[in-house]
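Each chain, written out:
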Amino acid sequence: MTIPSDAQLREILVDMVIARTQSGRLWNLQRQGQVGTVAPVDGHEATIVAATHALDTEHDWVVPQYREPLALRRYGPEILECFMLYSLGHPAGGHIPDPIRVLPNQISLGTQIPHAVGISWGMTLRSEPGIALVFFGDGSSSEGDFYEAGNLAGVINAPVVMLCVNNRWAISTPVHLQTAAESFADKAAAFGIPGVTVDGNDATAVYDAVDEARKRALAGLGPTLIEAVIYRLGAHTTADDPSRYVPPEDLEAARRDDPVLRLACHLRELDLWDDVAQEETEAEALGLIDSAFDAAKSTPLTPDALLDNCFSTDTQRLARQRFQLLQARMTEAN
Amino acid sequence: MTDTLDGGTVSDLTMLQAINETLHAEMARDDRVVVLGEDVARNGGVFRATEGLFEKFGEHRVVDTPISEAVIAGATVGLAIAGLVPVAEIQFLGFSYQAMHQLAGQVARLRYRTQGRYEPAITIRAPFGGGVRTPELHSDSLEAQFANMAGLKIVMPATAADAKGLLASSIREPDPVLFLEPLRGYRGIRGDVPNGDHLIPLGVARTAREGDDVVIITWSYQVELACRVADSLHSEGLSVRVLDLRSIVPLDIQAIAEAVTQCGRAVVVEESCETGGFAAEVVATINEECFWSLEAPVVRVSGYDVPYPVGMLEDVYVPDEARITTAVRRTLELG
């Protein structure tokens, strides 16, 4: 068992508080009409942050779904910068710069799992050290891609860690309507790989599970399916009203097990956290997101960027369309 | 092997042999090339297109996958991100329905959605097309559906030499390529294939027959039939040009415009359903580029608007020489 040091736990808490604070700011920006749809991170912080703190950022890949970016700070400030562009709807939001090993958000649920298997497989073919960690939800586990990817990963012994974040809800659909299985980790049996369930609100438990799965993968022992059990404390997204379907008593109980408060309490007992640290971290979080948002808003964008990066070079047809688009814009401008 | 005028040599190969030789050559040239798919390794592919690769390049570079078209397509995205050059096989194009969300939603848009961070040097090979009495869903011509997925290049060779030159280019291409191989052509098309490196750029159409009365525009196996029609009508004194598009994306708009401008009459032939087929795209392109040079309306020859039929009705569905000949005569009578 690998327990993160107290210093590591403090770093994990800092990233968790930053993610929670920035998620709140982003929610408000959406309500002000300044950004598009936002998926709040509340309740997912310990799982995402602790999992990525168990990785080697130089070699290990993170393949997110869409709720993770604010909690991936460990992979560099560029993640937030790109995420703000992404939230604005700027195409550059999809270009997380080289050599950062994080893929952009994935909206088509479950499709990222085959990508992670392919990346990790590719690393073994190139004899590169490193693994791929892929995030997906309880709902995504119902997609065919989960089964196809898990099955292939088992067969080829891919160094991939499949992290199922079971937040109990797929928008309004509860887990018992998602699967009749006892647990999502049980599904590992079908792939012939280990399946582990952890308390996803416990940063130490998540860190340990990912660390062990990672070491297994690096030792050539293949993939692991980890189910991190948490509770979605916020809405699915800014377009959702969970009061229509989340039982208030369940939410109340889940709030008592809030992962951020839980780790903060632990570190307060160790005199590693206090109100000042909390306030300073929240202020830092807001400063970071506000400056990233300002930078995103001032990032230039020309209309014919619409046609960029579809192919390595424009086809005859795209070249014509580019010419026509620019001509139409010039006519309109006159 | 035969010597050619330019000092090179050629070999007489079937399209299948040309494809197999090209896969061998590309894997030998670039150790990032990996081949994956159902039955591609130990069995050498159900048509033997990948024969000998497993023995030569080993189990790490030539991989039999589970029967999972979605993860075959999806894994190519990850392999490309990891710096490899995947060449995947979908055993029959009709089975690509089980991979559509990865092909359309992921493979086609990887470069776009990451704004060029990742280079999707991905080739997906699949046989398709009629004429060999396959079971259901083995013969469907789905190229128009893929042409509507921005970001994919769609290459459809008609000769053994082109199969080599276009496959080599596709594998070296930094964009994702769907390389569609006509089932009837695997053993039914053969010809001189240049030995050694032979590359044909994508998006450059080929004049398969010279002529100036009417041009038949088509791709893949239908080029073979169009050439037979052109040869047969030649004895009647008709000069029928055949333009082989070679790839429908990128489309050689310029070559279409030149051919139609010079001939004034055009027939477009495809094997898919008529409604929403790629022939309609070619006709629209002719309208945009050279409408005023037309002496008669363009005539389409397509499959019918039904699912690809079972064996006993196949010959009714797939365009043949008779239907193409009728269409050519019709465009000469019109206008």
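In this text, all values refer to a predicted model and were calculated from it rather than measured experimentally. (Residues numbered from 1 in each chain as written. Chains lettered and ligands numbered in written order. Predicted model: local features only at pLDDT ≥ 70, side-chain atom pairs only at ≥ 80, totals over all residues. Heavy atoms only, no water.)

(A) Spatial organisation of the pattern of salt bridges. Residue and element names in this part refer to chain A. All chains considered together, the criterion is met by 45 salt bridges over all chains. Salt-bridge contacts for Arg20 lead to Asp42; the nearest nitrogen and oxygen are separated by 3.6 Å. With Arg20 in helix H1 (residues 6-31) and Asp42 in the loop between H1 and helix H2 (45-53), this residue pair connects regions lying 22 residues apart in the sequence. Two residues, Asp290 and Arg25, come together in a salt bridge whose shortest N-O distance is 2.6 Å. Taken together, the positions of Asp290 in helix H10 (residues 275-297) and Arg25 in helix H1 put the pair 265 residues apart, joining distant regions of the chain. Here Asp290 falls in the partly exposed class, since its relative accessible area comes to 29%. The partly exposed category is assigned to Arg25, whose relative accessible area is 28%. Bridged by salt links that share partners, the residues Arg20, Asp42, Glu45 and Asp258 form one connected network. (Salt bridge = Lys/Arg side-chain N within 4 Å of Asp/Glu carboxyl O. Helix = DSSP H or I, 4+ residues; strand = E, 2+ residues; numbered from the N terminus. Buried < 20%, exposed > 50% of the residue type's maximum accessible area, 1.4 Å probe, protein only.)

(B) Layout of the layout of surface pockets. In this model, the largest pocket occupies a volume close to 630 Å³. Looking at the largest pocket, it is lined by 29 residues, and the ones nearest its centre are Ala147, Met149, Ala150, Gly151 and Val249 of chain B. Breaking the lining of the largest pocket down by element, the ones donating at least two residues are helix H11 (316-333) of chain A together with helix H6 (143-147), strand E13 (247-249) and helix H11 (278-290) of chain B. Residue classes in the lining of the largest pocket are distributed as 20 nonpolar, six polar and three charged. (1 Å grid on protein atoms, 1.4 Å probe; cavity = no way out; pocket = protein on both sides within 12 Å on 5 of 7 lines; lining within 4 Å. Points joined across faces, edges and corners; volume = space filled by probe spheres on them. Nonpolar A, V, L, I, M, F, W, Y, C, P; charged D, E, K, R; others polar.)

(C) Up close: the side chain of Thr204 of chain A. Along the chain, Thr204 of chain A falls in helix H7 (residues 203-218). Those residues within four positions of Thr204 of chain A in sequence are excluded, and the remaining contacts are Ile3, Pro4 and Leu9 of chain A. (Contact = heavy atoms within 4.5 Å.)

(D) The arrangement of the interface of chain A and chain B in detail. In this assembly, 42 residues from chain A lie in contact with 47 residues from chain B. Of the roughly 3,700 Å² buried between chain A and chain B, counting both surfaces, carbon and sulfur atoms make up 57%. Per-residue buried area on chain A facing chain B is highest for Asn309, Phe311 and Arg317 of chain A; these three make up 17% of the total on that side. Run the count over chain A and chain B and you get four salt bridges. With a shortest N-O distance of 2.4 Å, Glu281 of chain B and Arg317 of chain A are connected by a salt bridge. When residues of the side of chain A that touches chain B are traced back to their parent elements, those giving at least two are helix H4 (112-125), helix H5 (144-156) and H11 of chain A. At eight residues, the largest contribution of residues to the side of chain A that touches chain B is made by H4 of chain A. (Buried area = accessible area lost by both parts, 1.4 Å probe.)

(E) Geometry of the nonpolar core. Phe146 and Ile286 of chain B are the most contacted members of the largest nonpolar core, which totals 147 residues. Residues within four places of Ile286 of chain B in sequence aside, it is in contact with Ile217, Ile256, Val260, Ala266, Phe291, Leu294 and Val298 of chain B. Formed by 62 residues, the second largest nonpolar core is a distinct cluster that contains Leu9, Val41, Phe135 and Ala217 of chain A. (Core = buried A, V, L, I, M, F, W, Y, C linked by side-chain atoms within 4.5 Å.)

(F) The domain arrangement of chain A, seen in detail. Annotation of chain A at the domain level lists domain 1 (6-301) and domain 2 (302-334). Once you take the C-alpha centre of each, domain 1 of chain A and domain 2 of chain A turn out to be 37 Å apart. (Domains from an automatic or database assignment.)

(G) Looking closely at the pairing of strand E5 (residues 85-89) of chain B. Residue and element names in this part refer to chain B. Of all five residues in E5, five are buried; the element is thus mostly enclosed. In E5, alternate side chains face the same way, and those of Val85, Val87 and Glu89 on one face and Pro86 and Ala88 on the other are all buried. Pairing analysis gives five bridges linking strand E3 (residues 33-37) to E5, with the strands arranged parallel. From the neighbouring strand, Gly37 faces E5, where its bridge partner is Glu89. (Pairing = 2+ DSSP bridges.)

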